[in-house]
Amino acid sequence: MAAAAGLILPGDGIMIAGKLYSGVALTLENCLLPPESVHCSPSRAHGLSARTEEQLRIRMCEMIQNAGVLLRLPQVAMATAQILFHRFFYCKSFVRHCAETVAMACLQLASKIEEEPRRVRDVLNVFHHLKHAAGNRLVSPLLLDEVYVSRKSHVIKAERRVLKELGFCVHVKHPHKVIVMYLQVLECEKNTRLLQIAWNYMNDSLRTDVFLRFSAETVACACIFLSARVLQLAGLSLLSDPSA
């Protein structure tokens, strides 16, 4: 691809005035985990068991989802936050970083990415409420004291750390629209129950690292296939064949 500054050579860099400079490749394929990284996360290297890591991911993603509902964020923002959370903790360890602080930072960042920004103060308040509201207990408000100022500072720093570790590549391709498009191709877009179950599967899978391992199109096909199998719909079995 020719450019005014010079010639961009794929895989080699950028040639400017006869000198070769390293290039930057921004593609969503860079966000997919290589197979060897799935079972070798930084947390595992620091001695955290696979079961504990899985529970931390599920717990914090549920916190992000519930906080997003209280903040009246669109589902796409909550989905983005959860995927950013998973990406970060395949770069860094749960042992070295506070999962709750990173979760708040990811939700704060996702709200900006999806153009539904929320104040850090609001994010802190809803996480505080969710953390202490178990068992219908009366939750005392979050006081604006030194502890609050410290927590706010930690969230802001964590947001910057997430951006840095992800190389500012925070775009996420969600399968929401892909599911609708595929159902239109299959002439099943009027089957609201099929669509709702497929969306439920997709939203539940945000608690796992499936979005880091497979493309949005693959996840969409899997959600539709599982939904069709639950509803015992014939004619959608072709979705189980990756070559179809």
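Quick caveat: nothing in here was measured; it's all calculated off a predicted structure.

Cut-offs used in this document
- Residues numbered from 1 in each chain as written.
- Predicted model: local features only at pLDDT ≥ 70, side-chain atom pairs only at ≥ 80, totals over all residues.
- Heavy atoms only, no water.
- Salt bridge = Lys/Arg side-chain N within 4 Å of Asp/Glu carboxyl O.
- Helix = DSSP H or I, 4+ residues; strand = E, 2+ residues; numbered from the N terminus.
- Buried < 20%, exposed > 50% of the residue type's maximum accessible area, 1.4 Å probe, protein only.
- Core = buried A, V, L, I, M, F, W, Y, C linked by side-chain atoms within 4.5 Å.
- pLDDT = per-residue confidence, 0-100.
- Contact = heavy atoms within 4.5 Å.
- Polar contact = N/O pair within 3.5 Å; in protein donor to acceptor, adjacent residues only side chain to side chain.
- Phe/Tyr/Trp six-rings, centres within 6.5 Å; stacked < 30°, edge-to-face > 60°.

Student: Explain the pattern of salt bridges to me, please; I cannot follow it from the model alone.
Tutor: Side-chain pairs of opposite charge can arise whenever the charged atoms involved come near each other. Across all of its chains, the model carries 10 salt bridges by this definition. Two residues, Arg51 and Glu54, come together in a salt bridge whose shortest N-O distance is 3.4 Å. Of this pair, Arg51 and Glu54 both sit in helix α3 (residues 50-70), 3 residues apart, which is roughly one turn of the helix. Take Glu54: its relative accessible area is 39%, and that puts it in the partly exposed class. Note that Asp122 and Arg119 form a salt bridge whose closest N and O atoms lie 3.0 Å from each other. Since its relative accessible area comes to 23%, Asp122 is described here as partly exposed.

Student: Whenever I open this one, the nonpolar core confuses me. Can you help?
Tutor: Within soluble globular proteins, side chains that are nonpolar generally end up buried alongside one another. If you look at the biggest cluster of nonpolar residues, it comprises 37 residues, and the most contacted ones within it are Phe85, Leu107 and Phe127. Within the residue set of this core, elements represented by two or more residues are α3, α4 (75-88), α5 (99-113), α6 (120-132) and α7 (146-165). Here the element with the most residues in this core is α5; it accounts for 9 residues. Ile83, Cys188, Leu194 and Ile197 belong to the second-largest nonpolar core, a separate cluster that totals 23 residues.

Student: Would you mind going over the confidence of the model for the protein chain with me for this structure?
Tutor: The predicted structure's coordinates, where accompanied by low pLDDT, should not be read in detail. On average, the protein chain scores 84 in pLDDT, and the residues at 70 or more come to 82%. Per-residue pLDDT, averaged within each element of the protein chain, yields its smallest value for strand β1 (residues 2-3) (37) and its largest for α5 (96). A low-confidence stretch, residues 1-10 stays under pLDDT 50, and its non-local contacts, those more than four residues away or across chains, total 12 contacts.

Student: Mind showing me how you'd approach the side chain of Ser111 here?
Tutor: Within the element layout of this structure, Ser111 appears in helix α5. Looking at Ser111, the relative accessible area reads 1%, which means it is buried. One polar contact links the side chain of Ser111 to the main-chain amide nitrogen of Arg118, over a distance of 3.4 Å. Setting aside its immediate chain neighbours within four residues, Ser111 contacts Leu73, Glu116, Pro117 and Arg118.

Student: Even after reading the chapter, I still don't get the side chain of Ser93, so can you show me in this structure?
Tutor: Along the chain, Ser93 turns up in the loop between α4 and α5. Polar side-chain contacts of Ser93 include one of 3.0 Å to the side chain of His46. Looking at Ser93, its side chain comes within polar contact range of the main-chain nitrogen of Val95, at 2.9 Å. Beyond its immediate sequence surroundings of up to four residues, Ser93 is in contact with Pro42, Ser43 and His46.

Student: Hey, could you run me through the packing of aromatic side chains in this one?
Tutor: For any pair of aromatic rings, the description consists of the separation of the ring centres together with the inter-plane angle of the planes. This structure, assessed with the given rule, holds 4 aromatic pairs. Look at Phe88 and Phe89: their rings are 5.1 Å apart centre to centre, the planes differ by 90 degrees, and that puts the pair in the edge-to-face class. Taking the centre distance of 3.9 Å and the plane angle of 5 degrees together, the rings of Phe89 and Phe94 count as stacked. The class of Phe89 is buried, set by a relative accessible area of 0%. Exposure remark for Phe94: the relative accessible area of 8% places this residue in the buried category. Grouping aromatic residues by their ring pairs yields a cluster made of Phe85, Phe88, Phe89 and Phe94.

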